[in-house]
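One letter stands for each residue in the lines below.
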Amino acid sequence: QDEIASGHRRWQGPEIFVLVDNEETLETWQTASAGWGTPFALQNVANLVGRADEVGLHVIVARRIDEWPRGEYTPLMRALKQQQSPGLVMAGSRNEGVILRSTFAADQPAGRGIYVTRAVVAPAQFALPDPVGSVPRWRSRQGSTPGGEL
């Protein structure tokens, strides 16, 4: 993050983004398949997390808050936690325990969460994008910007 903010990066190759939605389903798939010894589907990605800044790798993982405690048993989640990767804690029950660092889940309005890094714990808000092909909401408000369009 410091490299990105400064505009200077050590890595000079392509940026590779791996997006994993519902990571807990991969865990279930692993344990329900052939049994012991079945490799985790993202084991190769997990092996590279420690060198992510050296190879241009960005890993974004979504996992249900109520499935979070079991996440420490998957190689990918374990690698991300060991690297103290930044995370976003969205709405959930405080009863699930500590999610990242010392942050618990909490009731949150839609689109709000808590951004957690090594140095910062801060509220975060995420906007819902306009549907494809629709008029952007900011343009549909008459007279909302002085002088017309932005």
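Presented here is an overview of the structure given in this document. (Residues numbered from 1 in each chain as written. Predicted model: local features only at pLDDT ≥ 70, side-chain atom pairs only at ≥ 80, totals over all residues. Heavy atoms only, no water.)

## Description of unusual backbone geometry
Condition: Helix numbers and strand numbers start at the N terminus; a helix is a DSSP run of H or I with at least 4 residues, a strand a run of E with at least 2. Three exposure classes are used, based on accessible area relative to the maximum for each residue type with a 1.4 Å probe and protein chains only: buried under 20%, partly exposed in between, and exposed over 50%.
Residues other than glycine seldom take positive phi values, yet Gln-84 does so here, at roughly 55°. Along the chain, the position of Gln-84 falls in the loop between α6 (75-82) and β3 (87-89). Here Gln-84 falls in the partly exposed class, since its relative accessible area comes to 39%. Even without being glycine, Arg-101 reaches a positive phi, approximately 50°. Exposure remark for Arg-101: the relative accessible area of 33% places this residue in the partly exposed category.

## Regarding the sheet that holds strand β6 (residues 112-116)
Here is the rule we go by: Any two strands with at least two DSSP bridges between them are considered paired. As a rule, the C-alpha atoms of each element are fitted with a line to give its axis, helices using only the stretch in contact, and angles between N-to-C directions run from 0 to 180 degrees.
Within the open sheet, the three strands sit side by side as β3-β6-β7. Their pairing is antiparallel. The open sheet has two edge strands with one neighbour each: β3 and β7 (121-125). Direction aside, neighbouring strands of the sheet carry axes that sit 35° apart on average. Relative to β7, β6 runs antiparallel, the two sharing five bridges. Looking at the pairing, Arg-112 lines up with Gln-125 of β7.

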